Amino acid sequence: MTNYPRFFRAARFAAACILALTLQLTGAQAATPAGAETENIEDIAAQGYIYGLPLVMHYAITYAYAVDRNSGQYKAPFNAIHNESQVFTYKDTTVITPNSDTPYSFACLDLRAEPVVLSVPRVPGNRYFSVQLIDANTFNFGYIGSRTTGNNGGSFLVAGPDWKGTPPKGMRVFYASTQFAMAMYRTQLFAPADMKNVKNIQAGYRVQPLSAFLGKTPPPALPLPAFPPMDANYLTPEFFGRLAFALQFAPAGPEEKAIRAQLERLGVRAGQPFRLDALTQQDQAALLRGMHKGAEQIKAALSRPGVRVNGWKMGSPFGDRAFFNGNWLHRAMGAQAGIYGNDAAEAVYPMVRTLADGTPLDGSRHNYKITIPAGQYPPVRAFWSVTMYDGGTQLLIKNPINRYLINNAMLPNMRKNPDGSLTIFIQRQSPGKTLESNWLPAPNGPIYLVMRLYWPRTEQPSVLPLGKGTWQPPTIELND
């Protein structure tokens, strides 16, 4: 989602960045905190970076959306909804790998004083919508929408981890594991002319504190905490100060106690300032090395082959607390791949950067194509799409026809082959006017393609279970 802020680019691993960070440490001197052994600091910092990255990323997004009105990406204050009247384009750079299929609505939730009530209107049965509930741990702690609660509308309670009250009779409660959270709404768009219908549905979305919903006197308001400035420059020692800020709103689960104890050995304590000068120069250097080690481990995890089908990487790095079960690398990998992804039951995301033989996709060197056999479109109950991203930034790319994806709503206007199959042309230049309806413009460089399968069918043919389903993504072929 302007260039503010750009999340977690590969350039952050560059030598120039390392040099700049090293210079920041010059001149800082002090004693090592008791119990912190220099030889362990590097490993603790690596694990702390892996553990903390999703929390810090979430607060950076929250800061841009609900705190900093000059961010260029500001949406609305806490506990208020903001509706987007258009889908994401190349100008949206806050979140990597953005979904351009569905107009979004956002609500950053402050659950400290009292729960909030999310109300949704009745939505026509043929239109998919979802409200994904994500806490600051980037756990998906609940869903409202077509798949889970249906299209008949209703009101639902979202509460923080410490709330002990009684919900209104018959109202379903979703509990976040953190005191700040996000509600992310997706409303299916069938075609550009359908936007007015989407706006009408969005106008029915409501976010209210519980007291306002009940017409009662609200509890005493809590002042907003002093959010430290947040940006996407994560590989600096300030990262741990931002993490310490975030941790005060995220009570530790049982699986977090060990990593929290390790972080305290570095001086990272929930709600307290992180003092880099409490470390010796030697230990500061070890901390910095550890952060880079953690970043490289995340990068390596993302590049592992994993389960691949026809060159597409199949996996589901998103879920609730039980899904991650203390696997912090898995959580960080999901945040890096595309923060706020859905559970596999809600959406599946085959991703590809190479041909089936491992050759990197590069729009500056080759043209490609994908052919979907007749009658073998992705098996979903909602919709499917194939979206193009810049392989370096994971952002949508500027192109002459303002097309960022191909999806099933476009099928009636696309040209079919004589045998009924559909070919999608992936290349920088137009394949010609007669085939332009089937053109997915590519960047002048590395290509990153993401397929989105919303509400995947469980009956066969199905993409589930991932990597073993009877439906497989089509192979990408050279088309020079």
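Reading the values: the criteria
- Residues numbered from 1 in each chain as written.
- Predicted model: local features only at pLDDT ≥ 70, side-chain atom pairs only at ≥ 80, totals over all residues.
- Heavy atoms only, no water.
- Phe/Tyr/Trp six-rings, centres within 6.5 Å; stacked < 30°, edge-to-face > 60°.
- Helix = DSSP H or I, 4+ residues; strand = E, 2+ residues; numbered from the N terminus.
- Buried < 20%, exposed > 50% of the residue type's maximum accessible area, 1.4 Å probe, protein only.
- Lys NZ or Arg CZ within 6 Å of the ring centre and 35° of its normal.
- pLDDT = per-residue confidence, 0-100.
- Contact = heavy atoms within 4.5 Å.

S.K.: Quick one: what's the story with the packing of aromatic side chains, residue by residue and with numbers?
M.R.: Under the counting rule described, the total for this entry stands at 29 aromatic pairs. Arranged with centres 5.0 Å apart and planes meeting at 90°, the rings of Phe 180 and Phe 249 form a pair that is edge-to-face. Taken as a pair, Phe 180 in strand β8 (residues 180-187) and Phe 249 in the loop between α5 (238-247) and α6 (257-265) lie far apart in primary sequence, 69 residues in all. Classification of Phe 180 by relative accessible area gives buried; the value is 1%. By relative accessible area, which is 5% here, Phe 249 ends up buried. Centre to centre, the rings of Tyr 185 and Tyr 205 are 4.7 Å apart; their planes meet at 45°, and the pair counts as tilted. In this pair, Tyr 185 sits in strand β8 while Tyr 205 sits in the loop between α3 (195-202) and β9 (206-209), placing the two residues 20 residues apart along the sequence. Both residues of the pair, Tyr 185 and Tyr 205, count as buried. Over the ring of Tyr 143 we find Arg 147; its NZ or CZ atom is 5.3 Å from the centre of that ring. Stacked on the ring of Tyr 448, the Lys or Arg Arg 353 has its end atom at 4.0 Å from the ring centre.

S.K.: Residues and numbers for the confidence of the model for the protein chain, please.
M.R.: In regions of low pLDDT, the predicted coordinates are not meant to be interpreted in detail. Looking at the protein chain as a whole, its pLDDT mean stands at 90, while 92% of the residues score no less than 70. Note on residues 1-36: pLDDT is under 50 here. Beyond four places in sequence and across chains, it has 100 contacts.

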